[in-house]
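The primary structure of each chain is shown beneath.
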Amino acid sequence: MNSKPVLWFVVPCYNEQEVLPLTAHEFLRKLKELITSDKIDDASRILFVNDGSKDRTWEIINSLASQDNHYSGISLSRNRGHQNALLAGLMEAKDQCDITISMDCDGQDDINAVDEMLSEYFSGSEIIYGVRNDRETDTFFKRWTAQIFYRLMNFLGAEVIYNHADFRLISSKVLQELANFQEVNIFLRGMIPLIGFKSSCLMYKRKVRAAGASHYPFTKMAAFAFDGITSLSNRPITFIACLGVLVSLFGFAGIIWAILAFFLGYNVTGWASMMCAVCFLGGIQLLSLGIIGEYVGKAYMETKQRPRYIVSERINQKGE
Ligand code: UDP
Ligand code: MG
């Protein structure tokens, strides 16, 4: 390793033509400031990952790269979602740098927190999680749903760090290990803590989006949470099994009751209770089948071992 580490910012971008011209300069200003203050090597880069954008994002990245060679980019062959785009960037970076810092391209992650992340790294941490210290900039609804998201995730066995999104520093040593996680259903927030190594959290204030709109409305966030849980943990299936035992006990009691009722001559009545039992059991069974089906589907996708992303173009990159 060099005496000064090589740092790469990894920034996934999807349809970000409004915000990219604003934030890219901020990223470069920070990178140059760190280079001139001798904290990082001049080979440090900002790597934009174009996640199959349908607007001018890739053209903007190209024109940035022609203005300054600290900017570089890869373009995925199609939209694969934030997690896959981020993984593509991290895997691209892992052999070319000593440290990566991943962040959103909308300026929400505080670029000035990077200095503190670096000092944490110099004092020995291999992973530094950016943790937002408040949610003042969020709507009440987003704040509330985010709380439920983290609580539910942990309850269902997917250990994630509270209020940490994907703003984090990871050393290349950790990335080499991440490369061994071959799964296609990726949920980095849950996978990185599984790798281990010395890590720490850094509080920062999350800002509002500089321009453009979020790609994560409530429905997408709920799908993301469900995906995260089923990718990381089998606990929902355990719950189903427990529920099965409980419902079976009730069912057994119900059978005894029905037999008794028959002998006592009450067998004409009981329509309501029968309907309740049928509806209840039908609901529980369908829900359980659905959850188990989700796992079967995930296992099916894993067996295919399809590539998790395909890089179609590179600029200012080794593979160019
Ligand atoms: N993003 C991506 N692919 C997608 C959706 C989003 O690469 O399919 C990027 C997006 O450009 C941004 C980051 O992921 O840099 C986070 O997205 P966004 O800001 O929309 O989410 P929010 O911060 O509102 O949760
Ligand atoms: Mg954002």
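Preceding block: the structure.
Residue numbers run consecutively from 1 along every chain, following the written order of its sequence. Naming scheme: in the order in which they are written, chains are lettered from A and ligands are numbered from 1. Whole-chain, interface and lining totals are the exception, using all residues; otherwise, since this is a predicted model, local features are given only for residues with pLDDT of at least 70 and side-chain atom pairs are given and counted only at 80 or more. Water and hydrogen atoms play no part in the side-chain values, which are based on all heavy atoms of the structure.

Colleague: I keep staring at the packing of helix α5 (residues 140–155) against helix α8 (residues 218–232) and nothing clicks. Help me out?
Modeller: If you want to describe how two helices pack, look at the angle between their axes and the distance between the axes. Only the stretch in contact is used when a helix axis is fitted, and all axes are lines through C-alpha atoms; the angle between N-to-C directions ranges over 0 to 180 degrees. By definition, any uninterrupted DSSP run of H or I lasting at least four residues is a helix, any uninterrupted run of E lasting at least two residues is a strand, and each is numbered from the N terminus. Interhelical geometry of α5 versus α8 gives an angle of 10° and a closest axis separation of 10 Å. Between α5 and α8, the angle falls in the class roughly parallel. Contacts between α5 and α8 involve Phe141, Lys142, Thr145, Ala146, Phe149, Leu152 and Met153 from the former and Phe218, Met221, Phe224, Ala225, Gly228 and Ile229 from the latter. Amino acids are sorted into nonpolar (Ala, Val, Leu, Ile, Met, Phe, Trp, Tyr, Cys and Pro), charged (Asp, Glu, Lys and Arg) and polar (every other residue, Gly among them). Taken together, the residues of the contact of α5 with α8 break down into 10 nonpolar, 2 polar and 1 charged. Oblique is the label for any angle not covered by the other classes, which are roughly parallel (under 35 degrees), roughly antiparallel (over 145) and roughly perpendicular (65 to 115). Working rule for contacts: check all heavy atoms of both residues, and any pair within 4.5 Å makes them a contact.

Colleague: Looking at this model, I keep getting lost on the packing of aromatic side chains. Mind explaining?
Modeller: Two aromatic rings, taken as a pair, are described by how far apart their centres are and by the angle between their planes. We call Phe, Tyr and Trp rings a pair once their centres come within 6.5 Å, taking the six-membered ring for Trp, and we label the pair stacked below 30 degrees between planes, edge-to-face above 60, and tilted otherwise. All chains considered together, the criterion is met by 8 aromatic pairs. For the ring pair Tyr150 and Tyr162, a centre distance of 5.4 Å and an interplane angle of 70° mean the geometry is edge-to-face. Here the residue Tyr150 occupies a position in helix α5, and Tyr162 occupies one in the loop between α5 and β6 (164–171), the gap between them amounting to 12 residues. Centre to centre, the rings of Phe155 and Phe239 are 5.4 Å apart; their planes meet at 25°, and the pair counts as stacked. Residue Phe155 is located in helix α5, and its partner Phe239 is located in helix α9 (residues 235–263); the two are separated by 84 residues in the primary sequence. A relative accessible area of 51% means that Phe155 is categorised as exposed. Ring pairs connect the aromatic residues Phe149, Tyr150, Tyr162, Phe187 and Phe224, which therefore count as one cluster. With a 1.4 Å probe rolled over the protein chains alone, any residue whose accessible area is under 20% of its type maximum counts as buried; one over 50% counts as exposed, and the rest are partly exposed.

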